[in-house]
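A look at the structure
One letter stands for each residue in the lines below.
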Amino acid sequence: MKQSRKFAEWYNRWADWKVEDLFSKKREPGPRRTVYMNENLPEDYLDANGKVKKEHVYATNQVITSKYTVVTFVPRNLLEQFRRVANVFFLFIAVLQFSPKFSTISPGLVILPLLIVLTITALKDAYEDVKRHQSDRRVNHSQVRVVAGGEGWANPNAMEKKSRTFVRGLVPRLRRSTKSKKVKNVNPAGEELVGVTSRRSTEPVIEHDDVPEEHHTHFPHILPTMSRPTAKPHWKHTAWEDVSVGDFVKIMDDESLPADVLICATSEDENVAFVETKNLDGETNLKSRNAVPALTHIRSANDCVSPHNSFRIDCDRPDTNMYRLNAAVRVGNDTFPVDMQNVLLRGTVLRNTKWVIGVVIFTGADTRIVMNAGGTPSKRSKVERQMNPQVFINLLILALMAIACAVVDSILQHQDYPRDAPWLFWANRSGDNPSINGLITFFFALITFQNIVPISLYISIEFVRTCQAAFIYFDSEIYHKESDSPTIARSWNLSDDLGQIEYIFSDKTGTLTQNSMVFRKCCIGGKIYNGDPDMDERDAEGREKDASSVKALPALVDAKATKLDSAQEIQMTDLSSGSSASGREKKQDEKPQADSDSTDTPDPLKAKAIKAKVHFHDVDLEHDIQQSLHVEPGGPDAAHARLLNGFFSVLALCHTVLTSVDPQTGVIEYKAQSPDEAALVQAAADMGFVFRGRDSREVMLLQTPYSSAPSSSSPPPTASSDPEKKGSTSTSPPPEALERYELLNVLEFSSARKRMSVVVRKMDSDDQRLFLMTKGADNVIFERLKKGTGDELKKQTEKALDDFASEGLRTLTLAYKVISEDYYQAWAERYHEATVSLDDREEKIEAICSELEQDLRLLGATAIEDRLQDGVPETIADLKKAGIKIWVATGDKLETAIAIGHSTNLIGRDSNIIVIRGGNEGRPVYDQIMYAVEEFFPESGIIDERGEVRDIDDVPLTPKQSMKPGARRNSTQDEVPPGGPLRRFDTGISSIVGSQNGERPGGFVLVIDGPALGVALGDERHKSILLQLAMLCEGVICCRVSPLQKALIVRLVKDGLGTMTLAIGDGANDVSMIQAADVGVGISGEEGLQAVNSSDYAIAQFRFLKRLLLVHGHWSYYRNGNMILNFFYKNIVCIGVLWWFQIYCAWSSTYVLEYTYLLFWNSFWTIAPVIAIGLFDRLADDHDLMAFPELYRFGREGRWFGMKVFGVFMFDGVFQSAVIFFLILYTYVTVSSRADGWSVSMYEFSTTMVFAAVFTANFYNGLNTNTWTAWVFFAVFLGDVLVWLYTVVYNSISPGWFVTPVYGNNTFLFRSPYFWFCLPLTIFISLLPRYLYKAYRMGYRADDIDIIRYVRKYNPGVELRHEASEEMVYPPLRRPESVATRSMRSVSSLPVRPSGDFRSASRTDMSTGVTSQHRGFDFSMEERGVAIQRLQSNLSERRMSKQHLPQGSPSKKGLAQKLTLPRRFGRRKSNAKDPAES
């Protein structure tokens, strides 16, 4: 037993050995580095020869995802191919026959088949890899602006040489007019930079910074030139792969980062840059980054190459942690700290920032995103891995056959030689005697029976898989017409793995979702507005891009009227792109600023008329707003009118959104760090409440329908649509068309607070009231509502929230309150003290904020859709029906992950959610998992009687009690979970405790965050219990995970359970996960080609995965498995005939068949039917496989290929070979078939055996084919016809041409009645057992596929899924209902949208013991980001400045404009204390 275990361990280690380990040696991260800018490298960086030392040579920025290079292709590919045991055997046999002692035919012809197999496989692998190289080339040759020129300026930092790939190595650059020469570089002082050379480029595309000397501002414009580059400093367009450490680069808006870049300066105020990191962490909200303060003066190419701007960057060694960086910038004797807030990582995209100038600090393999991805693996399909043991068995059988022949032959020779046997004449020499002849017979037997492992099997598999890849490519059902993207098989040898997937690991952002937030519904004052139905159609058809979706906003007064009041002297820098003119001029006076050119984006504050793109529209809501313009004060609709105005005012003002206007279309655009915020502000604009930006940091301008609405009593002065009737005053007061709000405080959003608030002052009104505007989670807002008021409104809003959440929408609740001036001043003083406190600052700020956010007035709720990819919910639902477990791994926060789980059907209507959290607060991760097992799966057998966790292999397969929801431990038991009883911690989550927790019938879904995973994946103890808990759940959602953790999750399941895994993603953060899985699928989405380049299959939409698995995977696995088994079978038939003959030839390994028949056995006689099985056979049509995902379980369970079915086919071959040999032999030798009575020759009856074997093997293959097409008929009978024609011709060849041993055999063969009688008899007897078995199984043991095939045979037009409710009883079939038939009765067509009810699903946080319902809240934005911190800093500075200014009385300008409605709708001032009705 121990020896067998050791052999199994040895075999597993050999099978798991990876060829890439020899060729893709992982580059060790280098030491700490110092990047030198505008100065020479120090002497200690150079060796004795003046060259830069190896440890100071940095990795090239060339990133290669392919497997081979020109140098490594031949050895690596050969090693991969000789991992197949059969190839090693074929090579041994071929080498053996080069010896004259064992030669059969020409040695060259013997080895030719092996060379053909190796060559064709190598060409296929080369083609696949060339496609990868081409994809890599597209990425590596992307362009970026790199500084160049400037009196010989050069980058002194040394880089490695780029790799020569297939494309670069095999495809020469034909148009190379001048050779690229290396030139030495000097610095501006004329000193040569030691050890540094650069390539002289030809015909570059360059850009100059046009710098007016008087202002020192830069207006870049592209100057394509075909002349030589000038010495003037400029930005040269350079390929990514040529970017070096120490290069100055300029990144423009919406461009991707080519490397890890340290920010020097940006186009935005205070050098802030906004970056989209969804390619790294999956989060869609923008992150803010800021420049290093010491480098903000570097704002042009001239500044970059100036010798006065010399500095050094000290960096820690390259690391996989994408959230930590230890670095410093040294300028002279001063040192400035650098962290991740000052760096833009490769893979991110610059957003909402015109340009960024930075220094490259890490390139290529040293960048964070590449370090988180592994090397390209050499994957082998599961079928191929299962073939190796089968080949081993055949080789073992072959060895036993050869040993038997050798031993018996040696014994017989020893017996017969003393008797002077004539065939042993002269058998007494050293090389020819009875003792040595046994060994020679052994090797001859290996050659005789070598076809037991057919060499043609592998070439046939490669051919079939190539065709299957073509079938996938040409399948119009998985072709995306909009992007012209077919589904591409990048690895052709994994097609059968698609039919055996048990676990799918999916990214969220860009894979399940479209990275687009859409405002769908809202509830205002208890009334629900569902949006117009045609909005969905418009989105689907892309009509929102048409002119019909853009509306002109009401015209404003002259731009002069939009200037600030002359009394306003304090100017603050503007967060938005639309700064005031005065603010911009002041900024330019302070320091040089790079700005855009004359075609800059128009200022939304100065525009007289702009347009707004309409995303959300509701006829009822628009009618209510229009009606509210004419509501009389105190009328029945006045209260709802006030709520409408207040609701959209909060949407339009409570945010940190930036504004801009498209210069071509004039459409106002909103850019936000959070996509939710942009959708909310856009929705307000759709309804006429247009946020126009900020005219200074603290003054927000809002255009509303009420601003220009006529009043019957006292119409306010408004801007008329007629230009001649516009009103303006010489004193330039703010126009009544723009309401002004002074921003006083921003109470930031955080995951603990779950809300955001702003304090604003309504300007230009008679009372200048203060308002607190709040948006946040429903439970947080409801807790802070004023007691005893608006209870009915609260109930109506709660019901609306439940309805929104049940549709998978993300909800947000809005509220406000009016603040008195005295109360605010006292609160603001306490808030300021809290912000400058040295002790417990965060806790004090939260307490002060919470104090203000009380007694709120409810306005309503919003519902935003995180728009899913087309067909995602239906696809996931069907994949779950197929028995595939789906894990989602995302970088988003927990709430977002759960919301997507609901909307995608991953979390069902009645599911129970188990939440495992990491971090310092709450219970340890191990205790959380243990308690979840004990609480919800007490009878699972994971924990033994001693309370210890069993090893995963020791867990009983059949637990005492079904692990279904409801089998949890009684809560009244006295058992105490590990780590003590559950406690409630103050985590900032106010939960509504649900009932019947854990007893819902929908199963369990595990949700675990990144910190908890970091602990759980740290050791085997945690891994074991986490994996066992996950196996008991329907699905798993991993949130806040890093790219490396995604790969570790895949390996946890793949290695821990030995199951087939598939990973799907679309971004660079998914590469490691895709490479770790058995099958990697990349989505060619908006996040680049990194995932596609590393994938095995590339699809355009997640929904295509369903057909790829359920149809192509099902077909490919069945076809390949059936083809391989039939291949082994047909060779056993042939070898069996040869083996039985050894009984009659003294075990001398003599051929009974003429050698050419044996030679062509796998080439012509029997090759076509197995190829037809691999190409055309199918158990069910594609529409049935799509309609019944349950049929996928046959492949998932490995029904069609394995040792058991392999043994059955081998037995069939042995049985049929015995029937063929013995029946024909005794027929011919008992009574001569010749009329003259002479004995028959060997080839006379053996040729009959050939015919019988060929016909039997082909018909047997046909019997195992389920779908007979014209091609199948052709294939089955092709070999039969060929063997007949060959026999007729070959037996007729005269010795005058060349000598054959069968000349004249036709005379006896075809005239013999034995020939014509033996053929049908042997074929019938041979095939009878298989035929009876198939008939019995179809009649009495039919499975789901058999039933569907039967229905299709006799009712081809019936819709099975729609006919499921009818009694479909077919008399010949009598068996219990199966999965498919039960689903036919119960499953109707899938809904278009998921119908999961959040009120039904329960959620248990194991770290806190809190059980809650979830009403869809899922809002996120960057917490404590650079932009919000600077905004807070400016507000604080303004407050401090105001304290030193004389307080002037507020000016009264025109009619009062209140938050709730214009004055004519409000109560009198004396009643304004009640904000709910004012």
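As a starting point, this report considers the structure included with it. (Residues numbered from 1 in each chain as written. Predicted model: local features only at pLDDT ≥ 70, side-chain atom pairs only at ≥ 80, totals over all residues. Heavy atoms only, no water.)

**Focus on the pattern of salt bridges**
How we decide: Take a side-chain nitrogen of Lys or Arg and a carboxyl oxygen of Asp or Glu: if they are within 4 Å of each other, that pair is a salt bridge. Each helix corresponds to a stretch of at least 4 residues labelled H or I by DSSP, and each strand to a stretch of at least 2 residues labelled E; elements are numbered beginning at the N terminus. Relative accessibility under 20% of the residue-type maximum defines a buried residue, over 50% an exposed one, and the middle range a partly exposed one, all with a 1.4 Å probe and only protein chains included.
For the structure shown, the criterion picks out 47 salt bridges. A salt bridge links Asp624 to Lys527, with the nearest nitrogen and oxygen atoms 2.9 Å apart. Separated by 97 residues along the polypeptide, Asp624 in helix H15 (residues 619–628) and Lys527 in strand S21 (residues 527–529) bring together distant segments of the chain. The partly exposed category is assigned to Lys527, whose relative accessible area is 35%. A salt bridge links Asp803 to Lys799; the shortest N-O distance between them is 3.4 Å. Here Asp803 pairs with Lys799, and both are found in helix H19 (residues 791–806), just four residues apart, close to one helical turn. Accessibility expressed as a relative area gives 22% for Asp803, which makes it partly exposed. Take Lys799: its relative accessible area is 52%, and that puts it in the exposed class. Counted as one network, the salt bridges with shared partners bring together Arg380, Glu384, Arg465 and Asp496.

**Structural notes on a nonpolar patch on the surface**
Note the threshold: Only residues above 30% relative accessible area that lack a salt bridge enter a patch, with like-charged residues linked at up to 9 Å and the nonpolar side chains Val, Leu, Ile, Met, Phe, Trp and Tyr linked at up to 5 Å. Here the Shrake-Rupley method, with its probe set to 1.4 Å, supplies the accessible areas, and only the displayed protein chains count as covering residues.
Together, Leu109, Leu112, Leu115, Ile116 and Ile120 make up a nonpolar patch on the protein surface, roughly 420 Å² of accessible area in all. Assignment of secondary structure puts Ile116 in helix H5 (residues 107–140). Accessibility expressed as a relative area gives 41% for Ile116, which makes it partly exposed.

**Here's the deal with a negative patch on the surface**
Stated formally: Charge assignment in this entry is limited to Lys and Arg as positive and Asp and Glu as negative, and neither His nor the chain termini are counted. For this purpose, a charge sits on NZ of Lys, CZ of Arg, CG of Asp or CD of Glu.
Among the surface-exposed residues, Asp839, Asp840, Glu842 and Glu843 lie close enough to one another that they form a single negatively charged patch. Note that Glu842 resides in helix H21 (residues 841–852). Using a relative accessible area of 60% as the deciding quantity, one classes Glu842 as exposed.

**Quick notes on the environment of Pro873**
Tracing the chain through its elements places Pro873 in helix H22 (residues 872–881). For Pro873 and Leu512, which are 361 residues apart along the polypeptide, the C-alpha to C-alpha distance reads 8.9 Å.

**Looking at the sheet that holds strand S16 (residues 349–351)**
What counts is decided by this rule: Two strands are said to pair when DSSP picks up at least two bridges between them. Orientation is described by lines fitted to C-alpha atoms, with helices fitted over the stretch in contact, and by angles between N-to-C directions that extend from 0 to 180 degrees.
What the three strands build is an open sheet, ordered S11-S10-S16; its pairing is antiparallel. Since the sheet does not close on itself, it has two edges, and those belong to strand S11 (287–290) and S16, each with one partner. Pairs of neighbouring strands in the sheet enclose a mean axial angle of 45°, with direction left out of account. With three bridges connecting them, strand S10 (residues 272–276) and S16 associate as antiparallel partners. Note that in S16 the partner of Phe274 across the bridge is Arg351.

**Looking at helix H3 (residues 73–81)**
Note the following rule: Directions drawn from the helix axis to the C-beta atoms are what define this arc.
For H3, the complete set of buried residues consists of Phe73, Arg76, Asn77, Glu80 and Gln81. Along the axis of H3, the buried positions cluster into a sector of 135°, meaning they face one direction only.

**Comments concerning the pairing of strand S19 (residues 503–506)**
Across the two faces of S19 the burial is the same, with Tyr503 and Phe505 and Ile504 and Ser506 all buried. Taken together, the four bridges between S19 and strand S33 (residues 885–889) define a ladder with parallel strand orientation. Considered in S33, the bridge of Ser506 is made with Val888. Relative to strand S37 (residues 1061–1065), S19 is paired through four bridges, and the arrangement is parallel. Bridge pairing in S37 places Tyr503 opposite Thr1061.

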